[in-house]
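Understanding the architecture of this molecule
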Amino acid sequence: MEPTEPHKISKAFESIDGIQRAEASPFLYGKIITRIRENIPAPVYYTGSVLIRFAMAMLLVAALNAATVGILKRPAANDDAQLRQLAKEYFGNEISGYTY
Amino acid sequence: MQSEQELISNLCAGDENAFRELFNLYADKVYNTALSMLQNQQDAEDITQEVFVEVYRSINKFKGESQLYTWIYRIAISKCTDQIKKQKTKKRFSFLTSLFGDDNTLIHDRPHFEHPGVLAEKKEDSKALFHAIAKLPEKQQSAYTLHKIEQLSQKEVAEVMQTTPSAVESLIGRANENLRRLLSEYYNNTL
């Protein structure tokens, strides 16, 4: 007969009763001493490709920012000149700069 | 065998024999804790190395306010939780990059872990339990591992986790509830 779910859950909980401690590798001490003597830093978990991607993303953000600033600055002067030209054509002479 | 105070003094003086004795006393405890939390032998070895390197480098900062073993367990738990966070971040990141269709492959869940200290006839049941333990929130996982697998008392776990025994009791109670739910989901999905 297939055991019931509560029975399986209890068996899972009981599976670690009397668990023995896992033993570290006998070579571990040597590795630690080597690391201490050579002053090897902790391993870096980020791979080169991740760093390159991050740098590229940052460059892209910087380029987009520069482009946005450029676009926002440029039309301001042109718009002013175009408005003056339009006003001149419409009113027939240069306007005084007052807003009506 | 040196007393704990002698051991600490000799370690502070840079005595390699003292470090060897410290390693013999605590290596298996640190390794077993790391193995139970990370559920991977290579990661557990790496973390054990990091713990002992940190102990060697910062023994001068040990003020003796707690026992040496609680301090070492604390370093081990802290490094394991950091490693688990890094693994989760890496997994999320690999999922995002895999969406863009390049050669970054998606990091899948590891196969179910078999603790080498579990009796042969209980291995299958323990796989389900370790699978569920890995899904517990950080503090519940630490408390449960230290109490049930490393067999520290609730008072000792409280000292390692710098909290009160009643808080540990509550953490273990919630861990048991969550494990029951996770195991139920596991058996419903796999059978």
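Attention in this report is confined to the structure presented alongside it. Fair warning: this is a prediction, and the values are worked out from it, not measured in the lab. (Residues numbered from 1 in each chain as written. Chains lettered and ligands numbered in written order. Predicted model: local features only at pLDDT ≥ 70, side-chain atom pairs only at ≥ 80, totals over all residues.)

Structural notes on the overall build of chain A
What counts, and what does not: A run of H or I in DSSP counts as a helix once it spans at least four residues, and a run of E counts as a strand once it spans at least two, with each numbered from the N terminus. Here exposure depends only on C-beta density: within 10 Å of a residue's C-beta, 20 or more other C-beta atoms make it buried, 12 or fewer make it exposed, and intermediate numbers make it partly exposed, the C-beta atoms being placed from the backbone.
Counting secondary structure elements, chain A contains 3 helices and 0 strands. Counting helices and strands in the order they occur from the N terminus, chain A gives α-α-α. Going through the 100 residues of chain A one by one, you find that 7% of them count as buried.

Brief notes about the packing of helix H2 (residues 16-38) of chain B against helix H6 (residues 138-149) of chain B
Residue and element names in this part refer to chain B. Let me state the cut-off plainly: Fitted lines through C-alpha atoms give the axes, limited to the stretch in contact for helices. The angle between two N-to-C directions lies from 0 to 180 degrees. The labels follow the angle: roughly parallel below 35 degrees, roughly antiparallel above 145, roughly perpendicular from 65 to 115, and oblique for the rest. Crossing handedness is read from the near helix: turned anticlockwise from the far helix by less than a right angle, it gives a left-handed crossing, and turned clockwise, a right-handed one. Once C-beta atoms are placed from the backbone, any two residues with those atoms within 7 Å are in contact. Each residue receives one of three labels: charged for Asp, Glu, Lys and Arg, nonpolar for Ala, Val, Leu, Ile, Met, Phe, Trp, Tyr, Cys and Pro, and polar for the others, Gly being one of them.
Contact pair H2 / H6: the axes reach a minimum separation of 10 Å and the direction vectors enclose 130°. Taken together, the axes of H2 and H6 are oblique relative to one another. In the crossing of H2 with H6, the sense of the turn from one axis to the other is right-handed. Residues Thr-33, Ser-36 and Met-37 of H2 touch H6, and the partners they reach there are Gln-141, Thr-145, Leu-146 and Ile-149. Split into classes, the residues belonging to the contact of H2 with H6 amount to 3 nonpolar, 4 polar and no charged.

Some points on the nonpolar core
Note the following rule: For the purposes of this analysis, a nonpolar core is taken to be any set of buried Ala, Val, Leu, Ile, Met, Phe, Trp, Tyr and Cys residues that are connected through C-beta atoms within 7 Å.
Counting 51 residues, the largest nonpolar core has B:Val30, B:Ala34, B:Ile72, B:Ala76, B:Ala132 and B:Leu183 as the members making the most contacts within it. Elements represented by at least two residues in this core include exactly helix H1 (5-14) of chain A together with H2, helix H3 (41-58), helix H4 (68-99), helix H5 (123-133), H6, helix H7 (154-160) and helix H8 (165-190) of chain B. The dominant element in this core, judged by the number of residues it contributes, is H2(B), at 11 residues. For B:Val30, the residues in contact, after removing those within four places along its chain, are B:Thr48, B:Val51, B:Ile72 and B:Ala76.

Overview of the environment of B:Glu150
All names here are of chain B. In this structure, Glu-150 sits in the loop between H6 and H7. According to the C-beta neighbour criterion, Glu-150 is buried, with 21 such atoms within 10 Å. When neighbours within four sequence positions are excluded, Glu-150 is seen to be in contact with Lys-29, Asn-32, Thr-33 and Thr-145.

A short note on the packing of H5(B) against H8(B)
All names here are of chain B. Following both chains from N to C, one finds H5 and H8 inclined at 120°, their axes separated by 9 Å at the closest point. Considering their axes alone, H5 and H8 lie oblique with respect to each other. For the pair H5 and H8, the crossing hand works out as right-handed. Between H5 and H8, the residues in contact are Ala-128, His-131, Ala-132 and Ile-133 and Leu-179, Leu-182, Leu-183 and Tyr-186, respectively. In terms of residue class, the contact of H5 with H8 is built from 7 nonpolar, 1 polar and no charged.

Considering unusual backbone geometry
Residues and elements named next belong to chain B. Positive phi, normally seen in glycine, also occurs at Gln-39, with a value near 60°. One non-glycine residue with positive phi stands out, namely Gln-162, at about 50°. Looking at the secondary structure, you find Gln-162 in the loop between H7 and H8.

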